[in-house]
Amino acid sequence: MTLRRASTLALLALPFFAFAQPREGRTYDLQHVAYRLWFYEEQRSFAGQVTNTVAPLADGMTSVWFDAVNLNIKEVSVDGRPLDFEYDGNKITADLGRSYAKGEKIDVLIRYSGQPTAGLYFVHERDAWPAKSSMIYSKGEPEYNRQWLPTYDYPDDKATSECWLNCKPGYTAVSNGVLLGVNKGDEEWTYHWRIDQDHPTYLIAWAIADFVKGEERIGDLPVEWYVPNGLVSRGVASFAGTAEMIGFFNELTHFDYPYDRFSQLVVGDFVTGGMEHTTMVTNTIRTLHEPFEQPLASSTGLVCHELAHQWFGDTVTCEGWSQMWINEGFASLMPHFWTRHTRGLVAFQLQRKGTINGAYGASSRDRKPIVTKDYGDNPDFMFRSVSYGGGAARMYMLIDVIGEEVFWNGIGNFLKKYRFQAVNTDQFFDVLSDTAGTDLSWFRDQWFYREGVPAIELSFANGVLTFTQSGEPWALDMPVWRYTNGRWQKLLVRVDSAESTVFLGKDASFLVDPERRFVARFSGAPSFPADLAIAAYHAAPNAGIKDELISRVRASDDAEAKQALALGETDPDLRRRVIALVDIKNATALLELAGDEDRRIANSAISRLGSVEKSDEVLAFLHNVMENDPNPRIACNALQQIYKLTEDESLIERAWSTSAPNECYKLFALRQIARSDAGRARAIALDLIANSTNTILRLEAIRRLGSLKDADGSSSVYNALISIVRDEHSYQGRMAAAASLASYGNKAALEFLKPIANEGYPRFTNRIKSAIRRLERIE
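This one's a predicted model, so the numbers in the text were calculated from it and none came from an experiment. (Residues numbered from 1 in each chain as written. Predicted model: local features only at pLDDT ≥ 70, side-chain atom pairs only at ≥ 80, totals over all residues. Heavy atoms only, no water.)

Enquirer: How would you sum up the sheet that holds strand S20 (residues 280-284)? Please name residues and give values.
Expert: Judged by pairing direction, the sheet is mixed, and its 5 strands sit side by side in the order S16-S17-S18-S20-S19 without closing on themselves. Each end of this open sheet is capped by a strand with a single partner; those strands are strand S16 (211-218) and strand S19 (274-275). In the packing of helix H3 (residues 242-253) onto the sheet, contacts are made with S16, strand S17 (221-228) and strand S18 (262-267), and the angle to S16 comes to roughly 40°. (Pairing = 2+ DSSP bridges. Helix = DSSP H or I, 4+ residues; strand = E, 2+ residues; numbered from the N terminus. Contact = heavy atoms within 4.5 Å. Axes fitted to C-alpha atoms, helices over the stretch in contact; angles between N-to-C directions.)

Enquirer: Explain unusual backbone geometry to me, using residue names and the numbers behind them.
Expert: A cis amide bond links Trp 129 to the next residue, Pro 130, at an omega of 10°. Along the chain, Pro 130 turns up in the loop between strand S9 (120-123) and strand S10 (135-138). A cis geometry characterises the amide bond from Glu 141 onward to Pro 142, with omega recorded as -5°. Tracing the backbone shows Pro 142 in the loop between S10 and strand S11 (159-167). Of note, the phi angle at Thr 279 is positive, near 65°, even though the residue is not glycine.

Enquirer: Kindly report on the packing of aromatic side chains, identifying the contributing residues and their values.
Expert: For the structure shown, the criterion picks out 52 aromatic pairs. For the pair Phe 348 and Tyr 396, a centre-to-centre distance of 6.1 Å together with 70° between the ring planes defines the contact as edge-to-face. Separated by 48 residues along the polypeptide, Phe 348 in helix H6 (residues 345-365) and Tyr 396 in helix H7 (residues 385-402) bring together distant segments of the chain. For the pair formed by Phe 348 and Tyr 396, the shared burial category is buried. Residue placement shows Arg 26 over the ring face of Tyr 152; its charged tip is 5.9 Å from the ring centre. Lys 709 extends its terminal NZ or CZ atom over the ring of Tyr 744, reaching a point 5.6 Å from the ring centre. (Phe/Tyr/Trp six-rings, centres within 6.5 Å; stacked < 30°, edge-to-face > 60°. Buried < 20%, exposed > 50% of the residue type's maximum accessible area, 1.4 Å probe, protein only. Lys NZ or Arg CZ within 6 Å of the ring centre and 35° of its normal.)

Enquirer: A description of the pattern of salt bridges should follow, citing residues and the corresponding values.
Expert: Counted under the stated rule, the structure contains 47 salt bridges. Ionic pairing is found between Arg 126 and Asp 127, a salt bridge with its closest N-O pair at 3.2 Å. Using a relative accessible area of 4% as the deciding quantity, one classes Asp 127 as buried. (Salt bridge = Lys/Arg side-chain N within 4 Å of Asp/Glu carboxyl O.)

Enquirer: Please give an account of the layout of surface pockets that cites residues and values.
Expert: Approximately 1,200 Å³ is the volume attributed to the largest pocket. Considering the residues around the largest pocket, the lining is formed by 48 residues, among which Pro 142, Tyr 144, Asn 378, Asp 380 and Pro 762 are closest to the centre. Every element with two or more residues in the lining of the largest pocket is listed here: S19, helix H4 (300-308) and helix H26 (762-776). With 5 residues, the top contributor of residues to the lining of the largest pocket is H26. (1 Å grid on protein atoms, 1.4 Å probe; cavity = no way out; pocket = protein on both sides within 12 Å on 5 of 7 lines; lining within 4 Å. Points joined across faces, edges and corners; volume = space filled by probe spheres on them.)

Enquirer: Lay out the sheet that holds strand S8 (residues 106-114) in plain terms, naming residues and giving numbers.
Expert: The mixed open sheet is built from 8 strands, whose spatial order is S5-S4-S8-S2-S1-S11-S14-S13. Across the chains shown, the open sheet's two edge strands, defined by having one partner strand only, are strand S5 (81-82) and strand S13 (178-184). By the bridge criterion, 9 bridges tie strand S2 (residues 45-56) to S8 in an arrangement that is antiparallel. Looking at S8, one finds that Gln 49 is bridged to Arg 111.

Enquirer: Go over a positive patch on the surface with me, naming the residues and quoting the values.
Expert: Judged by side-chain charge, Lys 769, Arg 773, Arg 774 and Arg 777 come together as a positively charged surface patch. Locating Lys 769 in the fold gives a position in helix H26. (Patch = residues over 30% accessible without salt bridge, like charges linked within 9 Å, V, L, I, M, F, W, Y side chains within 5 Å. Areas by Shrake-Rupley, 256 points an atom, 1.4 Å probe, with all protein chains shown as cover. Lys, Arg positive; Asp, Glu negative; His and termini not counted. Charge placed at Lys NZ, Arg CZ, Asp CG, Glu CD.)

Enquirer: An account of helix H18 (residues 632-646) is requested, with residue identities and associated values reported.
Expert: For H18, which comprises 15 residues, the first-to-last C-alpha distance of 21 Å matches the rise-based estimate of 21 Å (1.5 Å per residue) to within 8%. Of all 15 residues making up H18, 11 are buried, and the element is well covered by its neighbours. For H18, the complete set of buried residues consists of Pro 632, Ile 634, Ala 635, Cys 636, Asn 637, Ala 638, Leu 639, Gln 641, Ile 642, Tyr 643 and Leu 645. Buried residues belonging to H18 abut helix H16 (599-609), helix H17 (616-628), helix H19 (650-656) and helix H20 (664-676). (Expected span 1.5 Å × (residues − 1).)

Enquirer: Describe the pairing of S2, naming the residues involved and giving the relevant values.
Expert: With 10 of its 12 residues buried, S2 lies for the most part within the structure. Joining the antiparallel neighbours strand S1 (residues 28-40) and S2 is a turn of 4 residues, in which Arg 44 adopts a positive phi near 55°.

Enquirer: Break down the packing of helix H22 (residues 695-708) against helix H24 (residues 731-744) for me, citing the residues and quoting the values.
Expert: Packed helices, taken two at a time, are described by the angle between their axes plus the distance between the axes. In contact at an axis separation of 6 Å, H22 and H24 are set at 15° when each is read in the N-to-C sense. On the basis of their axis angle, the class for H22 and H24 is roughly parallel. In this structure, H22 crosses over H24, and the sense of that crossing is right-handed. Contacts from Leu 699, Ile 702, Arg 703, Leu 705, Gly 706 and Ser 707 in H22 reach Gln 732, Gly 733, Ala 736, Ala 737, Ser 740, Ser 743 and Tyr 744 in H24. Here the contact of H22 with H24 is composed, by residue class, of 6 nonpolar, 6 polar and 1 charged. (Parallel < 35°, antiparallel > 145°, perpendicular 65-115°, else oblique. Left-handed = near helix turned anticlockwise from the far one by under 90°. Nonpolar A, V, L, I, M, F, W, Y, C, P; charged D, E, K, R; others polar.)

Enquirer: Could you give me a rundown of the confidence of the model for the protein chain, with the residues and numbers involved?
Expert: Averaged over all residues, the pLDDT of the protein chain equals 94, while 97% of them reach at least 70. This model gives residues 1-20 a pLDDT under 50, and the stretch forms 46 contacts once residues within four places in sequence are excluded. (pLDDT = per-residue confidence, 0-100.)

Enquirer: Describe in detail the state of the cysteines, supporting the description with residues and values.
Expert: A covalent bond bridging the sulfur atoms of two cysteines is what the word disulfide describes. Inspection of the entire model under this criterion finds 0 disulfides. Sulfur of Cys 664: no disulfide; nearest cysteine sulfur belongs to Cys 636 and is 3.5 Å away. You can call Cys 664 buried: its relative accessible area is 12%. (Disulfide = S-S within 2.5 Å.)

Okay, structure coming up:
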């Protein structure tokens, strides 16, 4: 699809942005960071020292500053010479004692200690399940490494780094780069890691646990994964095959993975899903699964996303948080091409459409431009949906403009030109324009610097389709697909003014942008005739149009044809979507689908069997699945459908006594018990909190207690929830307890929630603040 340049008038209406944003006050180039850490798990504290090697950006530098939050700064020195320094809790400023020339290297040593609330996390063995021992890890994005590492903590400068991590004997410490050695003493082991490629300091990271390592290779590159001892089979299921992904991304981007090693690991009580630390991805332990749980459990999406960051986010890095789409947009885009490579075009087309739909949804809630400085002093704001799917969606639109081959050639050129540098949107479009041989600034200005997304009113009368835009019009070449005589015809309509039209013919059947080529809102469109939808579906040239027609097919009165479509669709990704077309009364058709060799299709059909009319045939099928299916997620689903049909209470007891890697049985049982026997559920939940190390069950127990409340005359539930909120060990547990306290409804809990409302990682503080708001609304 070709998009022509937006009108000069439209572009003149855009606000002016100067997006190159070196950090205010930066006076030096950070060149190397060398740090050493000691940990005191019982006190949840640490001690450290760091040498920051810096070089002045101009002659005459007499002082130096570093980011450092809530640390105990003991010493700042250069070449053994103590420096006078000031520390305000956020920044260390030291008097260098003399003037330094531009480019002159200065090694600044800082000794310090701390007990951080974010950036560095101690995980109690109780919160590490399915691991059986404690862990410690760091996670610095966007600006949390400064809570354990005094350094320059902003993405517009990069440096090399190395570390010495001291841990308990038998434990493994993993960090960026390559392992240079391990000193195994009687009291502690010290791991020495170094990375010689420049990287932003927020990607400096490490993790310490009782890890077991697995390894593959692609050429000479080691591709490692680390999982807690005893979980090797889950590590293989979750991470094997990553080397092949690296090879694919090398070819896709025309730029080979540039580091000496790639690794990924898991930690318990992780504050997010995954984090792309350079050469050392950290993932939540919840991504681990056994081979027999696949494909209902998969780590592919997470692994692909974090791996893609090694190119975008790590090799090139947004120069400031306003440019976050460069990191997250590509990490959201590149995995879809792996999908196309491994699962085919239909899966790719559906992912593409889903991404653009999601990008529209995000933009409808967040109208700020995708590139914006309007985040105040909260860089976490830029980790918004618009940066993720919104960035990916705009890259899809750019591919439509210049073609996929040119696009990926441009990506290769961009990565080669700015390898290991901080970058911005203007630089990106300059390179892509040079590669494409056309000026793409109009695309950049319209889709990256302009607020909101197009809002288009559609009307159809006398054979004419009219597109109406209010305000300054957007410039779009809009696809309109017309269905005539059993065939589809694609038209491109130039929509770049307040009102644009195209003649389609009287009583035309058509769809506007059914593949979702644009992040735009459409309203007022006439619905596609339901009586044509099934035939049009069969004639549709791609999965995007088929997916768009499914809702129209559902409105058809021809139940037999709908069922035939669902049973006849051969593509597994589309088949999962059209299962809902099967009449819920037609058990025969659902049983056929429940036996599909694609286990995801089978599981979807099984989920519907609990709503059919009860019969011996259906029950026999479900009992066979429950007893014999090797995938516990499917077997547990069958048990739940039998319960829906029979209300057999013995199934709850059976579920409560059955274990599974994701604890689906026990979770079902606990939820049912909570509905029927509050006293028993309360006792179970309190026991789980007090005695279980199973994180899945403990968290579910915490969540249930708020609605179960206390029995008359007791405060056991309230006290248990307050105890968890005050416990510094578990982020996940404290968040769940805060939400449960809000459901419990005792405003006395505000006394304990308000002091921690600004303590720690934003996901945590947001949950605490949400609970506070709910409690404050209680009369």
